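# Fold and contact review
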Amino acid sequence: MRNDEMLLIPGPTPVVESIYEALASETRSHTDPRFVALYKSAIEKTRTMLKTDGEVFVISGSGTIAMEMALVNTVAAGEKLLVISHGYFGDRFIKLGKAFGIEVDVLQSEWGKQVDPVEVEKKLSTDQFKAVTITHADTSTGVAANLEQLVPIIKRNGALVILDGVCATAAMEEDMSKGYGNEEAKIDVVLTGSQKAIAVPPGLAIVAFNQSALAVREKMERVSAYYCDIYNWIPIMNDPSKYFATPPVNLVYAFEEGMRLVLEEGMEQRYKRHAAYGTAVRAGLSVYGMKALADEQVAAATLSCMLYPDGIDDASFRSALAEKGLIVAGALSHLAGKAFRIGHMGNTTVEMLEKAIVLIGETLDEQGLSVNINKAIDAFRKHALAVLNN
Ligand SMILES: *Cc1c(COP(=O)(O)O)cnc(C)c1O
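Residues numbered from 1 in each chain as written. Predicted model: local features only at pLDDT ≥ 70, side-chain atom pairs only at ≥ 80, totals over all residues. Heavy atoms only, no water.

A few words on the side chain of N210. By the element assignment, N210 lies in the loop between strand 10 (204-209) and helix 7 (211-219). Apart from the residues within four sequence positions on either side, N210 is in contact with T52, D53, G54, M176, I187 and D188. (Helix = DSSP H or I, 4+ residues; strand = E, 2+ residues; numbered from the N terminus. Contact = heavy atoms within 4.5 Å.)

Our next topic: the sheet that holds strand 12 (residues 303-307). Read across the sheet, four strands follow the order 11-12-15-14 without closing on themselves; strand pairing throughout is antiparallel. What marks the edges here is a single partner per strand, and that holds for strand 11 (291-292) and strand 14 (329-330). Here strand 14 pairs with strand 15 (residues 339-343) via two bridges, running antiparallel. The residue of strand 15 that forms the bridge with A329 is R341. Against the sheet, helix 10 (residues 267-286) engages strand 11, strand 12 and strand 15, with an angle of about 15° to strand 12. (Pairing = 2+ DSSP bridges. Axes fitted to C-alpha atoms, helices over the stretch in contact; angles between N-to-C directions.)

Attention now goes to empty space enclosed by the protein. If you walk through the whole model with that rule in mind, you get two cavities of 30 Å³ or more. The volume enclosed by the largest cavity comes to roughly 40 Å³. Together, H30, F35, Y39, I236, P240, K242, Y243, F244, A245 and P247 line the largest cavity. Residues that form the lining of the largest cavity fall into these classes: eight nonpolar, one polar and one charged. Reported here for the second largest cavity is a volume of approximately 30 Å³. (1 Å grid on protein atoms, 1.4 Å probe; cavity = no way out; pocket = protein on both sides within 12 Å on 5 of 7 lines; lining within 4 Å. Points joined across faces, edges and corners; volume = space filled by probe spheres on them. Nonpolar A, V, L, I, M, F, W, Y, C, P; charged D, E, K, R; others polar.)

For the rest of this paragraph, the subject is the pairing of strand 4 (residues 103-108). With six bridges connecting them, strand 3 (residues 80-85) and strand 4 associate as parallel partners. Opposite K80, over in strand 4, you have E103 as the bridge partner. Chirality of the crossover, the property in question, places the unit of strand 3, helix 4 (residues 88-99) and strand 4 among those that are right-handed. (Right-handed = clockwise from strand over helix to strand, strands pointing away.)

Attention now moves to the domain arrangement of the protein chain. Here the protein chain is partitioned into domain 1 (17-264) and domain 2 (266-388). When each unit is reduced to the centre of its C-alpha atoms, the spacing between domain 1 and domain 2 is 28 Å. Facing the 29 residues of domain 1 at the interface are 23 residues of domain 2. Of the roughly 2100 Å² buried between domain 1 and domain 2, counting both surfaces, carbon and sulfur atoms make up 62%. Looking at the side of domain 1 facing domain 2, the largest losses of area belong to W111, G142 and A171, adding up to 24% of the total buried there. Between domain 1 and domain 2 we count zero salt bridges in total. Joining domain 1 to domain 2, the criterion identifies nine residue pairs in polar contact (both at pLDDT 80 or more). Those elements that place two or more of their residues in the side of domain 1 that touches domain 2 are helix 4, strand 6 (137-138), strand 7 (143-144) and helix 9 (249-265). (Domains from an automatic or database assignment. Buried area = accessible area lost by both parts, 1.4 Å probe. Salt bridge = Lys/Arg side-chain N within 4 Å of Asp/Glu carboxyl O. Polar contact = N/O pair within 3.5 Å; in protein donor to acceptor, adjacent residues only side chain to side chain.)

Close to the ligand lie 14 residues; S62, T64, T139, D164 and K196 are nearest. A distance of 2.7 Å is found between a nitrogen atom of the ligand and a side-chain nitrogen or oxygen belonging to D164. If the ligand stood free it would expose 380 Å²; the protein chains cover 89% of that surface. If you list the elements that add at least two residues to the shell around the ligand, you get helix 3 (63-72) and helix 4. Of the residues belonging to the shell around the ligand, the class tally is five nonpolar, six polar and three charged. (Near = heavy atom within 4 Å. Areas by Shrake-Rupley, 256 points an atom, 1.4 Å probe, with all protein chains shown as cover.)

Within the largest apolar cluster, 89 residues are counted, with the highest numbers of intra-cluster contacts made by F57, I134, I154, L191, V207, W233 and F255. With nine residues, helix 9 is the largest single contributor of residues to this core. What I154 contacts, discounting residues up to four positions off in sequence, is I84, L124, V132, I134, A159, L160 and V161. (Core = buried A, V, L, I, M, F, W, Y, C linked by side-chain atoms within 4.5 Å. Buried < 20%, exposed > 50% of the residue type's maximum accessible area, 1.4 Å probe, protein only.)

Read from one edge of the open sheet, seven strands run 2-10-9-8-5-3-4, paired in mixed fashion. Both edges of this open sheet fall to strand 2 (55-60) and strand 4, since each of them pairs with a single strand only. Each strand axis lies, on average, 15° off the axis of its neighbour in the sheet, ignoring direction. With six bridges connecting them, strand 2 and strand 10 associate as antiparallel partners. Residue pairing across strands places S60 opposite L204, the latter belonging to strand 10. Sheet strands in contact with helix 8 (residues 230-238) are strand 2 and strand 10, and its direction is about 100° off that of strand 2.

This brings us to the state of the cysteines. Throughout this description, disulfide means a covalent bond between two cysteine sulfur atoms. Counted by the stated rule, this structure contains zero disulfides. You can see C167 has no disulfide; the closest cysteine sulfur is in C305, sitting 12 Å from it. Given a relative accessible area of 2%, C305 falls into the buried group. (Disulfide = S-S within 2.5 Å.)

As annotated in UniProt, the feature "binding site: substrate" (unreviewed entry) corresponds to R341 in the numbering used here. Tracing the chain through its elements places R341 in strand 15. Side-chain polar atoms of R341 contact the backbone oxygen of T139, separated by 2.7 Å. (UniProt positions renumbered as here; feature names shortened; annotations may be inferred.)

Okay, structure coming up:
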């Protein structure tokens, strides 16, 4: 591994050697048949991962572009959008919607909690919403949305389900062929980025539209976008030898390899592995007197937001960890200074996470806390066992 540091933040995530190699391949023309074949394969693999019968888009941009593409192609100015927000990234849809003249209503949970599905049902019964956004794992709080509860309610009320999977896709179940309760209740749009659980360097936006979402786009006379208009991209996605805007050739090589690794592991195993990582990391860190912001029943598999025990200073804790080669992220908004966020997704290994538990213990000890590192490792291993034995 050429990585000198363990990048355990909620994206970007550690990049493995074969992906670096793909990234460093010779840059070819975007119309070279060898590149076109790879782009096709990357799109096909994305389609397989999400099990969609609709259209998949893999384009230059970060996760935020993917959010924008999902929104502007489904909800027009003056139409209504409901945002279900479990934190900072859920809230991003409010600003995005407003920027395009969309009428935005919002249900926000207290940070660390989920929005009550009863409130969602109530809100949807008062008004006709064109679409509802759900953040699968909110990267600010470590809260996961309960799709089993939310999708049927939204579909029953005739709105599209737009799922922000930027911190979840390839780690938490996102199966666009799955009927939630009944055959009609499916996720309509999934959007994500390359740099989180897919574990490829940042730079690609990935969006999938099912047939219902495509039908909604068809009824829209115009959309407030050019680069993000899916009608400019559908011909390219179906035949990548065509040109609309130059694709990031090397990133597509890397993404194709990243997707190969995802499918090689298999989706079921990937979901199981990430669920075990999340529980194991939180179990280990709780031995040090740290508390996850989200209760275990609502906690994301991909990252955890951990509240500091008394007496730990955020800046000196994280810089001491960085000196030992472990990078974690600070908390956002009102939690800044009071918590840190640790990512445990993508191609991160059990060995890396166990090492992180040890380094965090050593750092807390240096900062004057009395900790039991062996006990934390035991707690971590107990929950990570399912993965270790695989
Ligand atoms: C990271 C993230 C985003 C934003 O993605 P960028 O690539 O930074 O634009 C959006 N939603 C969620 C849930 C995220 O974790």
